Amino acid sequence: MEDTLSQSNSPHVLIFPFPVQGHVSCMLKLAELLCLSGVDVTFLNSDIIHRRLLRYTDVVSRFSCYPGFRFETISDGLPTDHPRSGNRVVDIFDSIKMVTKPMFRDMLLPGGCLNCGTRPPVTSVIADGIMCFTIDVAKEMGIPVFLFRTVSASCFWAFYCIPKLIESGDLPIKEDDEMDRLLNGVTGMENYLRLRDLPSFCRVSDLSDQGFQVVMSETQETYRANGLILNTFEDLEESALTQIRKHIPNLYAIGPLHANLKSRLEAHMSSPPRSSDSLWEEDRTCMTWLDEQAPKSVIYVSFGSMTMLNREDLIELWYGLVNSNKKFLWVIRPNSVAGDGRNIPAHLLEGTMKRGYMVRWAPQEDVLAHQAVGGFLTHSGWNSTLESIVAAVPMICWPYYADQQVNSRLVGEVWKLGFDMKDICDRVIVENVIKDLMDRKRDELTRPVDRMMKLATRSVAEGGTSYTSLNRLIEDIKTSTK
Ligand code: UDP
């Protein structure tokens, strides 16, 4: 792998993700893609994320073949025992602005630990697009900054249109019974986007809400960066990408990143080692359990790294799964159920013994690729959605927050890759939608699911749109050093 070796005059990119699982894992994939192209990378993690990566992954040995790669760490400003999930995630926004921002500046300015002469100077920054303060610091240094948004292009576009939605009176939302009304304010999505499908941060009655303000203002600032990177592909989100380009012309759609990385690694070596970016310990016993199941017989259930379930929803979902009589593999993260987890009805425990398997964290990409998996009950996180598309697994969407409300609408209404169960958690509905997905309506999903999987694969293959877009990003990073 000679071309992976660091060159002394290499471009040197600082990658700085927002410190949560979904953001860190896809920016690590981008880091590896850059390393493969001979770009030096410094990856700036929060202390707490970094400790968990070291504990649960092989990330150090994975990157050891790239001499130009290194990790650095920075505080996220929160106490160690802060949950950093559910609705408490907005606390990270505040603490990063207060504590991390000035530290970041000190680290990046000449003499700081990111620029102290032991390595080539940082020549460009790729920062999480919800941390626009990085633009000011990079500009002060005279280096380009590219923003990476980990949400779907459609969600980014909906965020971008918030001022228009306020102007038209659609926001703040006034009455609950308006939720099914179609919106005119998000150009290109007028035929299917309802108030209910706006990103959860828009579900506010008061526009001064902290989460709402952050997504609106950070999105509006994007134009100040040298470019915007999105983990999507043209065939999937052409309409949103076209709209965004009118405002932010230098757009790189390079997804699905996990497929892009896999394809490039395979071009370098015959069987690339599997790697994990997980912040929890993966329980691989579920793969052995899957080996024993019939093809496409299992529904995989996971709500990602941030969702918090309340007891009522947990029980409804559980009844739905057990009563569907399907086999299920369910990820229940530690501390992800609020309230009392005791006194689970005997019917559910018996049903789980017979047909279910539960783990605290699964090797999700491998699970989705397993032939026994026939459906995915998901929270519609963007990474999960892309992983499901690439694995050609149809979805039942039960969105929790952020971009998930938009993503699930696209899956159900536009791409026809599954069913959107948004805002509903009722055992009979859950049972029925599982039966529809796994049996009764399976045929109507097969063709769109296979088609989208093929388009995703084509986009990252040589000459595909995401392949070409990534090459352009690499070239732009390289030329910015000259
Ligand atoms: N994931 C995993 N094992 C699990 C659950 C999730 O590896 O048991 C991974 C999943 O493959 C995805 C990420 O965690 O890459 C979750 O990101 P997503 O954007 O779907 O949701 P978020 O966690 O940000 O809400």
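This structure is a prediction, so every number in the text was calculated from the model and none was measured.

1. What about the domain arrangement of the chain?
Next up, step 1: We note that the domain assignment places domain 1 (12-154 + 203-275 + 461-480) and domain 2 (284-457) within the chain.
Next up, step 2: The C-alpha centroid of domain 2 is placed 28 Å from the C-alpha centroid of domain 1.
Next up, step 3: Listed by partner, the interface residues are 21 residues for domain 1 and 21 residues for domain 2.
Next up, step 4: Residue assignment for the side of domain 1 that touches domain 2 shows that the elements contributing at least two residues are helix 1 (21-36), helix 9 (234-247) and helix 10 (257-268).
Next up, step 5: Sort the elements by how many residues they give to the side of domain 1 that touches domain 2 and helix 1 lands first, with four residues.
Next up, step 6: The residue makeup of the side of domain 1 that touches domain 2, split by class, is nine nonpolar, eleven polar and one charged.

2. Brief notes about the packing of helix 6 (residues 153-160) against helix 16 (residues 404-414)
Next up, step 1: For the pair helix 6 and helix 16, the least separation of the axes is 9 Å and the interaxial angle reads 125°. By the angle between their axes, helix 6 is oblique relative to helix 16. Pair helix 6 / helix 16 crosses with right-handed handedness. Here helix 6 contributes Ser 154, Cys 155 and Ala 158 to the contact with helix 16, which in turn contributes Val 406, Asn 407 and Leu 410.
Next up, step 2: Tallied by class, the residues present in the contact of helix 6 with helix 16 amount to four nonpolar, two polar and no charged.

3. Structural notes on the sheet that holds strand 5 (residues 145-149)
Next up, step 1: In space, the seven strands of this open sheet follow the order 3-2-1-4-5-6-7, with parallel pairing throughout. Every other strand in the sheet has two partners, leaving strand 3 (69-74) and strand 7 (251-253) as the edge strands with one partner each. Put simply, the sheet's adjacent strands are angled 20° from each other on average, direction ignored.
Next up, step 2: Summarising the sheet, strand 2 (residues 40-46) and strand 3 pair through six bridges and their orientation is parallel. Within the sheet, the bridge partner assigned to Thr 42 lies in strand 3 and is Arg 70.
Next up, step 3: Strands strand 1 (12-16), strand 2, strand 3, strand 4 (124-128) and strand 5 of the sheet are contacted by helix 1, whose axis makes an angle of about 165° with strand 2.

4. Re the nonpolar core
Grouped burial of nonpolar side chains is what soluble globular proteins tend to show.
Next up, step 1: In this structure, Ile 15, Leu 30, Ala 31, Ile 229, Leu 329 and Ile 396 are the most contacted members of the largest nonpolar core, which totals 142 residues.
Next up, step 2: Looking at which domains feed residues into this core, each of domain 1 (12-154 + 203-275 + 461-480) and domain 2 (284-457) gives three or more.
Next up, step 3: Ile 396 has contacts with Gly 375, Leu 377, Gly 418, Phe 419, Met 421, Val 433, Ile 434 and Leu 437, leaving out every residue within four places of it along the chain.

5. A word on helix 9
Next up, step 1: For helix 9, which comprises 14 residues, the first-to-last C-alpha distance of 17 Å sits more than 12% below the rise-based estimate of 20 Å (1.5 Å per residue).
Next up, step 2: Three or more residues of helix 9 are buried, namely Leu 236, Glu 237, Ala 240, Leu 241, Gln 243 and Ile 244.
Next up, step 3: Buried residues belonging to helix 9 abut helix 6, strand 7 and helix 18 (442-460).

6. Looking at the environment of Glu 312
Next up, step 1: In this fold, Glu 312 is placed in helix 12 (residues 311-323).
Next up, step 2: Spatially, the C-alpha atom of Glu 312 lies 39 Å from that of Ile 229, the residues being 83 residues apart in sequence.

7. Concerning the pairing of strand 10 (residues 327-331)
Next up, step 1: Of all five residues in strand 10, five are buried; the element is thus mostly enclosed.
Next up, step 2: Here strand 10 shows no split at all, with Lys 327, Leu 329 and Val 331 on one side and Phe 328 and Trp 330 on the other all buried.
Next up, step 3: Inspection of the sheet shows strand 8 (residues 298-302) paired to strand 10 by four bridges, in the parallel sense. Note that in strand 10 the partner of Val 301 across the bridge is Trp 330.
Next up, step 4: Pairing of strand 10 with strand 12 (residues 356-359) involves four bridges; the strand directions are parallel. Bridging across to strand 12, Val 331 finds its partner in Val 359.

Conventions used here
Throughout, residues of each chain are indexed from 1 in the direction in which the sequence is written. Thresholds applied to this predicted model are a pLDDT of at least 70 for local features of residues and 80 or more for the giving and counting of side-chain atom pairs; totals over whole chains, interfaces and linings are not thresholded and use all residues. The start and end points of each domain follow an automatic or database-based domain assignment. Working definition of a contact: two residues with C-beta atoms, positioned from the backbone, lying within 7 Å. The helix and strand labels rest on DSSP assignments: H or I over at least four residues marks a helix, E over at least two residues marks a strand, and numbering proceeds from the N terminus. Only Asp, Glu, Lys and Arg are considered charged in this grouping, and only Ala, Val, Leu, Ile, Met, Phe, Trp, Tyr, Cys and Pro are considered nonpolar; every other residue, Gly among them, is considered polar. Angles here are taken between N-to-C directions and fall from 0 to 180 degrees, while the axes themselves are lines fitted to C-alpha atoms, restricted in helices to the stretch in contact. The labels follow the angle: roughly parallel below 35 degrees, roughly antiparallel above 145, roughly perpendicular from 65 to 115, and oblique for the rest. Should the near helix be turned counterclockwise from the far one by less than a right angle, the crossing is left-handed, whereas a clockwise turn marks it as right-handed. By the convention used here, strands pair only if DSSP detects at least 2 bridges between them. As used throughout, a nonpolar core is a set of buried Ala, Val, Leu, Ile, Met, Phe, Trp, Tyr and Cys residues joined through C-beta atoms within 7 Å of each other. Three classes are used. A residue is buried when 20 or more other C-beta atoms lie within 10 Å of its own, exposed when 12 or fewer do, and partly exposed in between, with C-beta atoms placed from the backbone. A helix is expected to span 1.5 Å for every residue after the first.

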